[in-house]
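# Structure at a glance
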Protein chains: 2
Amino acid sequence: MDGEGGQERADERAGEASRPTLKTIAFMTGLGVTTVSRALKDAPDIGEETKKRVRLVARQVGYRPNRAGVRLRTGKTNVISLVLDTEEQVGGFVSDLIYGISEQLAATPYHLIVTPYSRNNDPMEPVRYVVETGSADGIIISRTEPQDARVRYMTERGFPFATHGRTDMGIDHPFHDFDNRAYAVQAVRKLAELGRRRLALLAPPRRLTYHNHMRDGFLEALAEAGLTEAPFTGATVDHSIDDIRGRMTELMSRPNRPDGIVSGSGQATFALVAAVEDVGLTVGKDVDIVSKQSSRLLHLLRPTLYVVNESVRFAGSELARSVLGAIEGKNPKSLQSLSLPTEVEAR
Amino acid sequence: MDGEGGQERADERAGEASRPTLKTIAFMTGLGVTTVSRALKDAPDIGEETKKRVRLVARQVGYRPNRAGVRLRTGKTNVISLVLDTEEQVGGFVSDLIYGISEQLAATPYHLIVTPYSRNNDPMEPVRYVVETGSADGIIISRTEPQDARVRYMTERGFPFATHGRTDMGIDHPFHDFDNRAYAVQAVRKLAELGRRRLALLAPPRRLTYHNHMRDGFLEALAEAGLTEAPFTGATVDHSIDDIRGRMTELMSRPNRPDGIVSGSGQATFALVAAVEDVGLTVGKDVDIVSKQSSRLLHLLRPTLYVVNESVRFAGSELARSVLGAIEGKNPKSLQSLSLPTEVEAR
DNA sequence: ATTGAAAACTGCAACGTTTCAGTTTATCCC
DNA sequence: GGGATAAACTGAAACGTTGCAGTTTTCAAT
């Protein structure tokens, strides 16, 4: 029984009140550092009584494991990396996503780090960085493509991740997605019901998987209702407000202009509405618009719009869940979820 | 001269291709680990020739310092923590802030971690957490108050930080702020110029410093132009869209309703406009509204509004700059910046 | 030749944690 | 009483880095 054995250090002697470590607790309890470590992990080879004592002291002194220590020793970072496109047009989108993720992570030891990239650069780069440097335990990506190099890369390396959006490459991986197909179907049906015959779709860029989903739903419902499409070329939800407004103005100036629009983004719908009115037409009279939105602003200024709400916050929450599951090694199939659109809201 | 001295490890022998460390480079160059470390730091006691060799090899093998190692040894985390209120109403705000910060951090070794808290909880808590656990080298906070406990806390401890918004407690600290006083003055002048006589202000919550700035500017310009105030009670830019709309409806139903509004938030303005129209009035005719906005959507649906743009992305960029300066120990006074409002935009 | 100092390089230890391979003590069985 | 076994605990080593306190080597000044 020593413990007084002459090797206490400066911080133990002085009232320095520096952060307590395992050594601090070991000293206070008279146990070895190993024992304390194992006790806090509830290891089976430590006595019940001892565990209680250690836990008590740990709580008392406000012990929190040093992240760097853990990380260096085990490689576990307790970090989730959210890889983001910084050119994202969809305002507020990222805020909500982050809030949703944070909500889930709050009860865990995980921190959220935001790893941005510019759309002009290689989207692979930030992913490669995180995987190679092991700077996170899991990654969340968005802007998923049908053949997504990032998904292939992370899958090959067994690196845990979750995608916002699905892929189409025969790989089962964790994802959360909004059912854009169902949305488009609902939107078209609503327009059909309103007596609209010729519809245009403002879709996501062709590269992204949900372009296909939305477009498939759109075309299918169009066929089902016997309507025709007014092709909306040269504009996607990714384009700038001004671009969309310009293209839409063109579209609405044509003799065979659409009388119904399905919009894939709330932000873009602002531009669509402005364009409709630029050419002297009226939303709800000359043309009806159904729009997806994540903030709830559209209806305030254009009650004649039809909207469907997508909760990006919920998406964030689900994505965090998924990636945590992936880290735990759960079956990817159990980490996939799809959220259905709300009913079309009118006012 | 050894180096072949029997102590190479498994990863050196096998073609394991695990991440290169200082040891890897030391082995390859035949130098000691310390020398390599110092060489990469461009220390004066290392030969030029050696430095060149080391740098070359380091680049070749793609050496990147292990963050956990550095952090454990030096306490330096290379992390900036953005402390956020997750109930933030101002949509898109956070996205832009993050993009702005990321932009600055991209060229540095810093990572951005988002530390959220709920407005219902103690705003001190996340700050205390970061400072106590040393989980970042610097903190960015928003929602600054005139007497801000967080600012006091971090200042006392000498912890580097920057605030989005100013304080009023005789402490010189790094900040970036939008000149809300100037904004309010401009807004009131514009309304006066339009012949409006009785103005209301939708201000930030009283607790926050910029409430005072905006309100001071508002009152001063009001006096200067000889206008009167229609008190807008029970609503701030922090309230929900529905609350603001409700209060505004009340306000506009009064006999002595305002004929001009200054709005402190673009988001809130949506609700204001909706309310004006709820009671059968018209923006630009019965009442004029000047609004601040960070996204540029307002004008699209209500060209009769007057808007002033605030670049939150720029704010993020400035804040990152400031906090990095604080970490470097620069004089706080040199880390303060104010951005002026743009001209009032009409359409 | 001797001293001194500068230049270039290096071991060792430590940051806090966990894993591994023990050691000690108590308990049980015959 | 001897041996085996289980229970409870432990020191040493390692993860990658850097600061400290050296050690060599070279060279100039005396």
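Everything numeric here is computed off the predicted structure, so don't read it as measured data.

The two copies are related by a screw motion: chain B maps onto chain A through a turn of 180° and a shift of 0.0 Å along the axis, at an RMSD of 0.0 Å. Interpreted geometrically, this transformation is the action of a two-fold axis. The residues that chain B uses at the interface reappear at the interface of chain A in 100% of cases, marking a shared surface.

Our focus in this paragraph is the sheet that holds strand E7 (residues 228–229) of chain B. Residue and element names in this part refer to chain B. Ordered in space as E7-E6-E8-E9-E10, the five strands form an open sheet in which the pairing is parallel. If you trace the sheet from one side to the other, it starts and ends with E7 and strand E10 (306–309), each paired once. With four bridges connecting them, strand E6 (residues 198–202) and strand E8 (residues 260–263) associate as parallel partners. Counted as the bridge partner of Ala200 is Ile261 from E8. Relative to the sheet, helix H9 (residues 180–193) contacts E6, E8, strand E9 (288–293) and E10, its axis offset from that of E9 by approximately 155°. Packing against the sheet, helix H10 (residues 209–225) makes contact with E6, E7, E8 and E9, and its axis sits at approximately 175° to E6.

To continue, consider the protein's contact with DNA strand D. In the region of DNA strand D, 25 residues are neighbours, and Thr35 and Thr50 of chain A together with Lys41, Tyr63 and Arg73 of chain B sit closest. Considering DNA strand D, the proportion of its atoms within 4 Å of the protein that are sugar or phosphate atoms stands at 59%. A distance of 2.7 Å separates a phosphate oxygen of DNA strand D from a polar side-chain atom of Thr50 of chain A. Here Lys41 of chain B contributes a side-chain N or O atom positioned 2.6 Å from a phosphate oxygen of DNA strand D.

Right, let's get into the packing of helix H7 (residues 124–133) of chain A against helix H8 (residues 149–156) of chain A. Residue and element names in this part refer to chain A. Axis separation between H7 and H8 bottoms out at 10 Å; the angle between their running directions is 15°. One way to sum up the angle between H7 and H8 is to call them roughly parallel. Both H7 and H8 take part in a crossing whose hand is right-handed. From H7, Met124, Val127, Arg128, Val131 and Glu132 reach across to H8, where they touch Ala149, Arg150, Tyr153 and Met154.

Here the focus is unusual backbone geometry. All names here are of chain A. Unusually for a residue other than glycine, Asn78 sits at a positive phi of about 55°. A positive phi angle, close to 55°, is found at Arg143, a residue other than glycine. On the secondary structure map, Arg143 appears in the loop between strand E3 (138–141) and H8.

For chain A, the domain assignment lists domain 1 (2–64), domain 2 (79–178 + 312–339) and domain 3 (180–309). Centre-to-centre separation of domain 1 of chain A and domain 3 of chain A, based on C-alpha positions: 64 Å.

Moving on, we get to the protein's contact with DNA strand C. Not every one of the 26 residues close to DNA strand C is listed here, only the nearest: Lys41, Tyr63 and Arg73 of chain A together with Thr34 and Thr35 of chain B. Looking at DNA strand C alone, sugar and phosphate atoms form 58% of those within 4 Å of the protein. One nitrogen or oxygen atom from the side chain of Thr35 of chain B is found 2.3 Å from a phosphate oxygen belonging to DNA strand C. Contacts to DNA strand C include Thr50 of chain B, whose side-chain N or O atom sits 2.7 Å from a phosphate oxygen. Per-element accounting of the surface near DNA strand C gives the leading share, four residues, to helix H5 (residues 67–74) of chain A.

Residue and element names in this part refer to chain A. With respect to the helices and strands, Gly234 occurs in the loop between strand E7 (228–229) and helix H11 (241–253). For Gly234, a relative accessible area of 39% translates into the label partly exposed. Taking the C-alpha atoms as reference, Gly234 lies 9.6 Å from Met248; in sequence the two are 14 residues apart.

One finds Met248 of chain A together with Met248 of chain B to be the most contacted residues of the largest nonpolar core, which totals 60 residues. Of all elements in the fold, only strand E6 (198–202), H11, helix H12 (266–278) and helix H13 (298–301) of chain A together with E6, helix H11 (241–253), helix H12 (266–278) and helix H13 (298–301) of chain B reach the threshold of two or more residues within this core. If we ignore the near neighbours within four places in the chain, the residues touching Met248 of chain A are Phe232, Ile261, Leu272, Ala275 and Val276 of chain A. By size, the runner-up hydrophobic cluster in this structure holds 42 residues, among which are Ile140 and Leu324 of chain A together with Ile98 and Ile140 of chain B.

Taken together, the 42 residues of chain B in the interface contact 42 residues of chain A. Interface area for chain B against chain A, summed over the two sides, is near 3,700 Å², with a carbon-plus-sulfur share of 65%. Viewed at the interface, chain A and chain B are joined by zero salt bridges. The interface formed by chain B and chain A holds 13 residue pairs in polar contact (both at pLDDT 80 or more) in total. Elements supplying a minimum of two residues to the side of chain B that touches chain A: helix H5 (67–74), strand E1 (79–85), helix H6 (93–105), strand E2 (111–117), helix H7 (124–133), H11, H12 and H13 of chain B. Here the element with the most residues in the side of chain B that touches chain A is H6 of chain B; it accounts for six residues. Grouping the constituent residues of the side of chain B that touches chain A by class yields 20 nonpolar, 11 polar and 11 charged.

A word on empty space enclosed by the protein. On inspection of all chains with the given rule, the structure shows two cavities of 30 Å³ or more. Approximately 160 Å³ is the volume found for the largest cavity. Along the walls of the largest cavity sit 14 residues, with Arg71, Val79 and Ile113 of chain A together with Arg71 and Val79 of chain B positioned nearest its centre. The set of elements that each furnish at least two residues to the lining of the largest cavity consists of H5 and strand E2 (111–117) of chain A together with H5 and E2 of chain B.

Residues and elements named next belong to chain B. Three or more residues of helix H8 (residues 149–156) are buried, namely Arg150, Val151, Tyr153 and Met154. The buried residues of H8 occupy an angular sector of 165° when the element is viewed end-on, so they sit on one face. The inward-facing, buried residues of H8 abut E2, H7, strand E3 (138–141) and strand E4 (161–164). Taken from the residues just after H8, Gly158 is the one with a positive phi, measuring 65°.

Criteria and thresholds
- Residues numbered from 1 in each chain as written.
- Chains lettered and ligands numbered in written order.
- Predicted model: local features only at pLDDT ≥ 70, side-chain atom pairs only at ≥ 80, totals over all residues.
- Heavy atoms only, no water.
- Least-squares fit on C-alpha atoms with pLDDT ≥ 70 in both.
- Contact = heavy atoms within 4.5 Å.
- Pairing = 2+ DSSP bridges.
- Helix = DSSP H or I, 4+ residues; strand = E, 2+ residues; numbered from the N terminus.
- Axes fitted to C-alpha atoms, helices over the stretch in contact; angles between N-to-C directions.
- Near = heavy atom within 4 Å.
- Polar contact = N/O pair within 3.5 Å; in protein donor to acceptor, adjacent residues only side chain to side chain.
- Parallel < 35°, antiparallel > 145°, perpendicular 65-115°, else oblique.
- Left-handed = near helix turned anticlockwise from the far one by under 90°.
- Domains from an automatic or database assignment.
- Buried < 20%, exposed > 50% of the residue type's maximum accessible area, 1.4 Å probe, protein only.
- Core = buried A, V, L, I, M, F, W, Y, C linked by side-chain atoms within 4.5 Å.
- Buried area = accessible area lost by both parts, 1.4 Å probe.
- Salt bridge = Lys/Arg side-chain N within 4 Å of Asp/Glu carboxyl O.
- Nonpolar A, V, L, I, M, F, W, Y, C, P; charged D, E, K, R; others polar.
- 1 Å grid on protein atoms, 1.4 Å probe; cavity = no way out; pocket = protein on both sides within 12 Å on 5 of 7 lines; lining within 4 Å.
- Points joined across faces, edges and corners; volume = space filled by probe spheres on them.
- Arc of directions from axis to C-beta.

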